[in-house]
Protein chains: 2
Amino acid sequence: MKFGLFGGGKVGNLNPLGDSYGYRDFIRYIIDAEELGFESAFLVEHHFTGVGQVSASLSLLCYIAARTSRIRLGTAVVVLPWHNPVLLAEQITALDVLSEGRFDLGVGRGYRKNEFDSFCVPMSEAQDRYTECFDLLMKSLTSKERFSHHSKYWNFEDIIVEPAPVQQPHPPIWMAAGRPEGIAYVAGCNYNVLLDQIGSVDETIERVRVFLDAQAAKGLPRDASRCGVTRALHIVNNDEERRKAYARRRETLKNIGELAKKPGGFNPETFDDADIAADDAALIGTPEEIGERLQRLADGGVEYVLLTNATATRESLLTFSEKIMPYVKSRPPALRAVGQR
Amino acid sequence: MKFGLFGGGKVGNLNPLGDSYGYRDFIRYIIDAEELGFESAFLVEHHFTGVGQVSASLSLLCYIAARTSRIRLGTAVVVLPWHNPVLLAEQITALDVLSEGRFDLGVGRGYRKNEFDSFCVPMSEAQDRYTECFDLLMKSLTSKERFSHHSKYWNFEDIIVEPAPVQQPHPPIWMAAGRPEGIAYVAGCNYNVLLDQIGSVDETIERVRVFLDAQAAKGLPRDASRCGVTRALHIVNNDEERRKAYARRRETLKNIGELAKKPGGFNPETFDDADIAADDAALIGTPEEIGERLQRLADGGVEYVLLTNATATRESLLTFSEKIMPYVKSRPPALRAVGQR
């Protein structure tokens, strides 16, 4: 099983001394993660939050590319409706070149109402803008010939994006999906899927199965390492820490808000500690408890977990690396045994 | 006298092995420049050239920020009409934080007809878009409160750009100017000026004087280090190399094209080798000849020269650093003796 980091938290003002210190701490954290055997770091992009979330994710990743050599660097996600697809493509190929092919491109359509309001983009246009931006972005990343493009939101004449990406034909694409049709669509496009952090262990295993079956149906190798299962991580050492972790989890579920609402009628507002403890989606607990939960995922065929770490410290990475990583074994998964790999 | 590099050339395909190698060579070159005592590196931004000019300049600078510690990093220039001013501000403040306050922000309105055509932006809108983008960019860089903005091209509601720049209230602004009114305007705004590489030594000295006088007229300290005098540099060791350098200079002047046309009726097409040799704007020659030309600039009050180096190699930087830098002394300039500094 591979483990990556999924950067959900604040960066700018993590350090009370100010933005620069916050950025420096975060960069150090990713360097530590590389050293301790983590596979990847995926950064969010959010704007105008006032609480220091990363806005220019690709800029920060360019810097981190220079300070690391092995860890993969990703976005989770670039919100396409905010961006000029061609200028975005230029930043992406630059990062892919600078990181020597370590970039993973997660894309999304955005979900925060206040971000749409701030950009003065109606949410009703989100899907349309996303689709148009994605199509032109992919053309920009892959075309070796000059081309022109005219569509509803963007017009370009006789362009070619330079430099060419190192990863050909383009960096791996990651898209969030939850429903079976969505997961199958992503798999069928030969893209990678990001699975949410609120799906239970059983739900997640089922989603991975849907993904692998959809790959197989398109004649692609069944490859569970292309399913990034996002999980909240909170290592606790005592009851007090556990209570705090549960409170934080409740807060996270509230903040995810609309996005967190499962078809079944999930309502984080009514979750008490017992509900949080019973929900096996989050990795909250002692190293042993977390290892056990991860083993259930591994046994079900999950090969790649992206962690949103509640305490973004070297110490927590070290604990994870020493006390959890070695004990989670990827089994030859039953799900994959029938596949072609 | 301080010396910086002004990146005019190709980067992507400088190395015949491909874009990645070209980028790697260029990064190495900037690291060498820092080591050899150069003050700064200013990067161009051009799009869709097909010859590997840098497009995502701010991305590349973020990477270089991580590989250097002292050299200042600049743009010359970011072409504002292509950019979303708020997303640009986010990239700029990220770079300023990541470089620990080493960023110099050169801005311009663009001049290449084919770039305007490719972006499907009429050249007639250039000034208007430039002004609007610049105003919103400055507001975004400096506002400590949330704000809204509604204008012809851009609309934002209730935004704040994060992180805050390290250099307060904002990174130094650089603008190109040539005519006295333009130079005086830039000086009066407390910005820095980029002077072109085709003005003769006497013209350049006169422009620096205009800049210093305009600073003084606004009650600002007379500071010639805020005039970046761009110069083509081509160190030659023999007649053969000199002939090639002259041919290259002629090509450069042709390529600058419309921009190169001086009010006096300058026409590079008719320039022969004797004309090139007689024109003292370029730094073409042996280290001694170049040193002599730079000394004339220094004697006239020039304190900061930005070099477009024809042979972007460590060897040429080393020659410049060892054989030219030490021999050019900044004199207590007559121009400044009457000023307040």
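About the criteria used
- Residues numbered from 1 in each chain as written.
- Chains lettered and ligands numbered in written order.
- Predicted model: local features only at pLDDT ≥ 70, side-chain atom pairs only at ≥ 80, totals over all residues.
- Helix = DSSP H or I, 4+ residues; strand = E, 2+ residues; numbered from the N terminus.
- Rg over C-alpha atoms; globule rule 2.2 N^0.38 Å.
- Buried ≥ 20, exposed ≤ 12 C-beta atoms within 10 Å, placed from the backbone.
- Contact = placed C-beta atoms within 7 Å.
- Nonpolar A, V, L, I, M, F, W, Y, C, P; charged D, E, K, R; others polar.
- Arc of directions from axis to C-beta.
- Axes fitted to C-alpha atoms, helices over the stretch in contact; angles between N-to-C directions.
- Left-handed = near helix turned anticlockwise from the far one by under 90°.
- Pairing = 2+ DSSP bridges.
- Right-handed = clockwise from strand over helix to strand, strands pointing away.

## Brief notes about the overall build of chain A
Argument step 1. Counting its secondary structure elements, chain A contains twelve helices and eleven strands.
Argument step 2. Here the C-alpha radius of gyration of chain A, 20 Å, is about what a compact globule of 341 residues would show, namely 20 Å.
Argument step 3. In terms of overall dimensions, chain A has a C-alpha envelope of 60 × 55 × 40 Å along the principal axes.
Argument step 4. For chain A, the proportion of its 341 residues judged to be buried stands at 48%.
Argument step 5. Once local pairs closer than 6 in sequence are excluded, the contacts in chain A between residues at least 24 apart make up 73%.

## Section: the interface of chain B and chain A
Quoted interface sizes are often the accessible area lost when the parts come together.
Argument step 1. The partner chain A presents 42 residues to the 42 residues of chain B that form the contact.
Argument step 2. Broken down by secondary-structure element, the contributors of at least two residues to the side of chain B that touches chain A are helix 1 (19–35), helix 2 (57–67), helix 3 (85–98), helix 4 (113–118) and strand 6 (155–159) of chain B.
Argument step 3. With eight residues, the top contributor of residues to the side of chain B that touches chain A is helix 2 of chain B.
Argument step 4. Looking at the side of chain B that touches chain A residue by residue, the class counts come to 23 nonpolar, eleven polar and eight charged.

## Considerations on helix 2 of chain B
Argument step 1. Counting buried positions along helix 2 of chain B yields nine of eleven residues, so the element is predominantly enclosed.
Argument step 2. Considered for burial, the residues of helix 2 of chain B that qualify are Ser57(B), Leu58(B), Ser59(B), Leu60(B), Leu61(B), Cys62(B), Tyr63(B), Ile64(B) and Ala65(B).
Argument step 3. Where helix 2 of chain B is buried, its residues contact helix 2 (57–67) and helix 3 (85–98) of chain A together with helix 1, strand 2 (40–43), strand 3 (72–79) and helix 3 of chain B.

## A few points about helix 6 (residues 180–188) of chain A
Residues and elements named next belong to chain A.
Argument step 1. Looking only at helix 6, the buried set comprises Ile 183, Val 186 and Ala 187. Along helix 6, the residues classed as buried sweep out an arc of 100° about the axis, all on the same side.
Argument step 2. Check the buried side of helix 6 and you find it contacts strand 7 (173–176), strand 8 (192–195) and helix 7 (201–217).
Argument step 3. Just downstream of helix 6 lies Asn 190, where phi reads positive at about 70°.

## Comments concerning the packing of helix 10 (residues 287–299) of chain A against helix 11 (residues 314–324) of chain A
All names here are of chain A.
Argument step 1. Running from N to C, helix 10 and helix 11 cross one another at 65°; their axes reach a closest spacing of 10 Å. Here helix 10 and helix 11 pass one another in a crossing that is right-handed. The residues of helix 11 that touch helix 10, namely those facing Pro 287, Ile 290, Gly 291 and Leu 294, are Thr 319, Lys 323 and Ile 324.
Argument step 2. Classifying every residue of the contact of helix 10 with helix 11 by side-chain character gives four nonpolar, two polar and one charged.

## Quick word on the environment of Leu194(A)
Argument step 1. Here Leu194(A) shows up in strand 8.
Argument step 2. C-alpha of Leu194(A) to C-alpha of Lys218(A): the two residues are 24 residues apart in sequence and 19 Å apart in space.

## Structural notes on the pairing of strand 8 (residues 192–195) of chain B
Residue and element names in this part refer to chain B.
Argument step 1. Here strand 8 shows no split at all, with Asn 192 and Leu 194 on one side and Val 193 and Leu 195 on the other all buried.
Argument step 2. The pairing of strand 7 (residues 173–176) with strand 8 spans three bridges and is parallel. Bridge pairing in strand 8 links Met 175 to Val 193.
Argument step 3. The β-α-β motif built from strand 7, the intervening helix 6 (residues 180–188) and the parallel element strand 8 has right-handed crossover chirality.
Argument step 4. Bridge count between strand 8 and strand 9 (residues 227–235): three bridges; the pairing is parallel. Pairing of Val 193 across the sheet is with Cys 227, part of strand 9.

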